[in-house]
Amino acid sequence: MDIGQWHSALEQLLLPAECLLCHALLSPRGAARIVCPLCRQRWRLVRPPWCERCGQPEPHFGPCRLCNQWPSALKSVRSAAWLTEGVQQAVYALKYGGLPRIADDLAAAIPQLHGETDGPSVLIPIPLARQRLRERGYNQSDMLARALGRKWRIPVFPDLLVRTRETPTQTALTPETRLANVAGAFGMNNEECSMINERSLIIDHWTLIIVDDVFTTGATLAEAARALEHAGARRIFGVTFARAAIPDFT
Ligand SMILES: [Zn+2]
Ligand SMILES: [Zn+2]
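The structure presented is a predicted model; accordingly, all values stated were derived computationally and were not measured.

The rules behind these values
Residues numbered from 1 in each chain as written. Chains lettered and ligands numbered in written order. Predicted model: local features only at pLDDT ≥ 70, side-chain atom pairs only at ≥ 80, totals over all residues. Heavy atoms only, no water. Helix = DSSP H or I, 4+ residues; strand = E, 2+ residues; numbered from the N terminus. Buried < 20%, exposed > 50% of the residue type's maximum accessible area, 1.4 Å probe, protein only. Contact = heavy atoms within 4.5 Å. Areas by Shrake-Rupley, 256 points an atom, 1.4 Å probe, with all protein chains shown as cover. Donors = N, O, S within 2.8 Å, 3.2 Å for Na, K, Ca; no water. Tetrahedral: all angles 85-135°; square planar, octahedral: opposite > 155°, others 65-115°.

J.: Would you mind going over the overall build of the protein chain with me for this structure?
T.: Secondary structure assignment for the protein chain yields nine helices and six strands. A total of 250 residues make up the protein chain; the buried ones form 48% of that total. Counting contacts in the protein chain only where the partners sit at least 6 residues apart, residues at least 24 apart contribute 74% of the total. As displayed, the protein chain offers around 13,000 Å² of accessible surface, 55% of which is attributable to carbon and sulfur atoms.

J.: Just checking my understanding: could you explain the coordination of the zinc ion (ligand 1) for this structure?
T.: For the zinc ion (ligand 1), the protein coordination sphere consists of Cys19 (SG), Cys22 (SG), Cys36 (SG) and Cys39 (SG), at 2.3 to 2.4 Å. Of note is the zinc ion (ligand 1), whose four donor atoms meet at the metal with angles of 107 to 113 degrees in an arrangement that counts as tetrahedral. One chain supplies every donor for the zinc ion (ligand 1), spaced along it as C-x2-C-x13-C-x2-C. With Cys22 in the loop between α1 (3-14) and α2 (37-42) and Cys36 in the loop between α1 and α2, this residue pair connects regions lying 14 residues apart in the sequence. According to the relative accessible area criterion, Cys22 is partly exposed, its value standing at 36%.

J.: Explanation requested: helix α4 (residues 102-109) in the structure shown.
T.: Helical periodicity: at 3.6 residues per turn, an α-helix aligns residues three or four positions apart in one direction. Along α4, the positions that sit buried rather than exposed are Ile102, Ala103, Asp105, Leu106 and Ala107. Lining the buried residues of α4 we find α2, α3 (85-95), α6 (140-152) and β6 (235-243).

J.: So what exactly am I meant to see when it comes to the coordination of the zinc ion (ligand 2) here?
T.: Tetrahedral coordination by four donors sets the ideal angle at the metal to 109.5 degrees; octahedral coordination by six donors sets it to 90 or 180 degrees. Surrounding the zinc ion (ligand 2) are the protein donor atoms Cys51 (SG), Cys54 (SG), Cys64 (SG) and Cys67 (SG), which sit 2.3 Å from the metal. Coordination at the zinc ion (ligand 2) comes from four donor atoms whose angles at the metal span 102 to 117 degrees, giving a geometry best classed as tetrahedral. Taken in chain order, the donor set of the zinc ion (ligand 2) reads C-x2-C-x9-C-x2-C. Of this pair, Cys51 sits in the loop between α2 and β1 (74-82) while Cys67 is found in the loop between α2 and β1, placing the two residues 16 residues apart along the sequence. Overall, the relative accessible area of 11% leaves Cys51 in the buried class.

Written out as structure tokens, the structure is:
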């Protein structure tokens, strides 16, 4: 049993069998879940028509403004659900509730990437700044990546990407200022890179799938992809559980 399994076993013992969001009793059959089927059905899934690359609703005119500055190795990004109230609650539970088990529920909503990921792939969570990691005790993107790794049966490299500096909270920024806010925020963990190369898992032949909890403007994913591209990555995808609607941005 690894730490994560211990943690979920402990959670199972300590938690009442009720939905984390609406507190309805969960059927014993759904006991592995922490969000009830009704709450999950209320999540509004992100669906096409969308920009093939960033997965945002299709622009009315001309090329998509959201992803035209992305590094070329970042091929496409998909999210499971729009950031409505219930989805926001689920994200908060993952982020601040100290309930990593909810990661499995969120991962279950993320659709499999088709075809794009033929060949070996690996999941890479967006790292937290060290200070925030200390405060929170875990990285929510890491939890989500591990849950996806269990679901898709692909490995997770949690230490490959590192934050090279702290970034101010993104909440109130416009798409343009968000991009500036995260510029140069990520780098590669050299030790991890050389270990990977020793195991001849060459970064430029693998499909790298970056994992984050919420997609807001894509600035964070794009910047992380930039760091991976510098290290030689050529095929990068991104997945997030939630996606915020950007007002007046089409
Ligand atoms: Zn519920
Ligand atoms: Zn786009």
